[in-house]
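Here's the letter readout for the chains.
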Amino acid sequence: RCKDFSLCYWNPYWMLPSDVCGMNCFWEAAFRYSLKIHTVERMHLAVVACGERLEETITMLKSAIIFSIKPLQFHIFAEDQLHDNFKGILDSWLLLQTFNYTLYPITFPSENAAEWKKLFKPCASQRLFLPLILKEVDSLLYVDTDILFLRPVDDIWSLLKKFNSTQIAAMAPEHEEPRIGWYNRFARHPYYGKTGVNSGVMLMNMTRMRRKYFKNDMTTVRLRWGDILMPLLKKYKLNITWGDQDLLNIMFFHNPESLFVFPCQWNYRPDHCIYGSNCQEAEKEGIFILHGNRGVYHDDKQPAFRAVYEALRNCSFEDDKVRSLLKPLELELQNTIHTYCGKIYKIFIKQLTKSIRDRYDRPPKER
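Residues numbered from 1 in each chain as written. Predicted model: local features only at pLDDT ≥ 70, side-chain atom pairs only at ≥ 80, totals over all residues. Heavy atoms only, no water.

As annotated in an unreviewed UniProt entry, the chain is Glucoside xylosyltransferase 1 from Loxodonta africana. UniProt, in its Sequence similarities (unreviewed entry) section for the chain, records the words "Belongs to the glycosyltransferase 8 family." Turning to the chain, the UniProt annotation filed under Subcellular location (unreviewed entry) states: "Membrane". (UniProt positions renumbered as here; feature names shortened; annotations may be inferred.)

Quick look at the structure:
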């Protein structure tokens, strides 16, 4: 057996010391080395981008790359006119060697394509068909374009290991406080739990999703993922407001054992602070994933959200640039204390500070 793997691999066998096992060791070591580099686990992340969402999506992807440890595989579903822009930007990043990407067209089942495309927002319902399109992908993290990662993707990816035998997907509650909840006050359809769930961050075991037969209120026969979507839309299309998210709520209302619910700091939205802070987990540990829905990255209604977005949008991949974003961001956040979200601005940088310290302040060998 080899006593020194590196010596055995990098030296011709006739130059090896007598106490190293020679030709067999050389080839065995080379085989083991090759095996290791081909079995690195990739985390699969999907996003759907249409309209004016290019910059937002690029900033989201950048935040994923900056903090993550294991390599990433991006699955980007975008309108055809956006493909060249995505390709130009992402190809310039490939020297980082931390991610690969694939661009896909927007595609819906041909017989109902027009109906799916106009549901809620253009292209939004594409996410419902990811288990059917990405047939070779076992697990996937889907995120909206207006997501920012403030800690490594690795950490939410690790939640897959916490699924029990019946769980196929994970999402966060739509609201923590029922008094301001939308589903429990206004919904005209079934929804999961007390306040529904938000689908802007959705972790999926797609192998299980493809195999499962779902209970439903349309037939006594359980239906698979690909068979249940259109009947659900036909039954509820006049009663749903939030499109595909509502369909997911209906599905998990009837199959609650299939959903893993993660805390609000994994999907922190303006609703968690515009009426006063109501995400206790974020108060304790900081925000893990920031979700700037309602366009708050691009207007002045929630300047704390916009400040974090602009800091990451303008950040480059150099270590010193990432480290140096914190102080200017904190100063900018201090200017937002006239808003409810700004009053608790420290939760916006608490986890971000830790992520930068863990990823960029350690010596290279410890990363």
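Q: Quick question: what am I supposed to make of the pattern of salt bridges here?
A: Under the counting rule described, the total for this entry stands at 18 salt bridges. Note that R53 is salt-bridged to E56, the shortest N-O span being 2.5 Å. By relative accessible area, which is 28% here, R53 ends up partly exposed. We note a salt bridge from D358 to K354, for which the minimum N-O separation is 2.8 Å. Of this pair, D358 and K354 both sit in helix 17 (residues 346-360), four residues apart, which is roughly one turn of the helix. (Salt bridge = Lys/Arg side-chain N within 4 Å of Asp/Glu carboxyl O. Buried < 20%, exposed > 50% of the residue type's maximum accessible area, 1.4 Å probe, protein only. Helix = DSSP H or I, 4+ residues; strand = E, 2+ residues; numbered from the N terminus.)

Q: So what exactly am I meant to see when it comes to the state of the cysteines here?
A: Where two cysteines share a covalent bond between their sulfur atoms, that bond is called a disulfide. Per the counting criterion, the structure on display carries three disulfides. The disulfide partner of C264 is C279, and the gap between their sulfur atoms is 2.0 Å. Since a negative S-S torsion denotes a left-handed disulfide, the C264-C279 link at about 100° is right-handed. In this pair, C264 sits in the loop between strand 10 (259-261) and helix 12 (280-285) while C279 sits in the loop between strand 10 and helix 12, placing the two residues 15 residues apart along the sequence. Accessibility expressed as a relative area gives 1% for C279, which makes it buried. (Disulfide = S-S within 2.5 Å.)

Q: Is there a simple way to explain the sheet that holds strand 4 (residues 139-143) in this structure?
A: Sheets are built from strands that pair by backbone hydrogen bonding, the pairs being arranged parallel or antiparallel. What the seven strands build is an open sheet, ordered 3-2-1-4-7-6-10; its pairing is mixed. Where the open sheet ends on each side, the last strands, each with one partner, are strand 3 (99-104) and strand 10. Averaged over all pairs of adjacent strands, the angle between strand axes in this sheet comes to 25°, irrespective of strand direction. Here six bridges tie strand 2 (residues 72-78) to strand 3, and the two strands are oriented parallel to one another. From the neighbouring strand, F77 faces strand 3, where its bridge partner is Y104. (Pairing = 2+ DSSP bridges. Axes fitted to C-alpha atoms, helices over the stretch in contact; angles between N-to-C directions.)

Q: Would you mind going over the side chain of D154 with me for this structure?
A: Looking at the element boundaries, D154 is found in helix 7 (residues 153-157). Of the residues examined, D154 reaches a relative accessible area of 10% and is grouped as buried. A polar contact of 2.9 Å, which involves the side chain of D154, links it to the backbone nitrogen of K70. With residues near it in sequence (within four places) discarded, D154 still touches M43, S68, I69 and K70. (Polar contact = N/O pair within 3.5 Å; in protein donor to acceptor, adjacent residues only side chain to side chain. Contact = heavy atoms within 4.5 Å.)

Q: So what exactly am I meant to see when it comes to the side chain of T339 here?
A: Turning to its location among the elements, T339 is positioned in the loop between helix 15 (326-334) and helix 16 (340-343). Looking at T339, its side chain comes within polar contact range of the main-chain oxygen of T336, at 2.8 Å. A polar atom in the side chain of T339 sits 2.9 Å from the backbone nitrogen of G342.

Q: Explanation requested: the nonpolar core in the structure shown.
A: Considering soluble globular proteins, one finds that nonpolar side chains tend to be buried as a cluster. Grouped together as the largest cluster of nonpolar side chains are 75 residues, with contacts concentrated most on L45, F74, L141, F149, Y268, L290 and F348. When residues of this core are assigned to their parent elements, the largest contribution, eight residues, is made by helix 3 (residues 54-67). Summarising the domain contributions, this core has at least three residues from each of domain 1 (43-262) and domain 2 (293-361). Once you skip the residues sitting within four places of it in the chain, F348 turns out to touch L150, Y268, I287, L290, A304, F305, V308, L333 and C341. Ranked by size, the runner-up nonpolar core spans 42 residues in total, among them C50, M171, L248 and I250. (Core = buried A, V, L, I, M, F, W, Y, C linked by side-chain atoms within 4.5 Å. Domains from an automatic or database assignment.)

Q: Got a minute to help me understand the packing of helix 13 (residues 303-313) against helix 15 in this structure?
A: Taken N-terminus to C-terminus, the directions of helix 13 and helix 15 make an angle of 160°; their axes are 9 Å apart at the nearest point. In terms of axis orientation, helix 13 runs roughly antiparallel to helix 15. Every pair of crossing elements has a handedness; the one defined by helix 13 and helix 15 is right-handed. Between helix 13 and helix 15, the contacting residues are A304, A307, V308 and A311 on the first element and L329, E332 and L333 on the second. Taken together, the residues of the contact of helix 13 with helix 15 sort by class into six nonpolar, no polar and one charged. (Parallel < 35°, antiparallel > 145°, perpendicular 65-115°, else oblique. Left-handed = near helix turned anticlockwise from the far one by under 90°. Nonpolar A, V, L, I, M, F, W, Y, C, P; charged D, E, K, R; others polar.)

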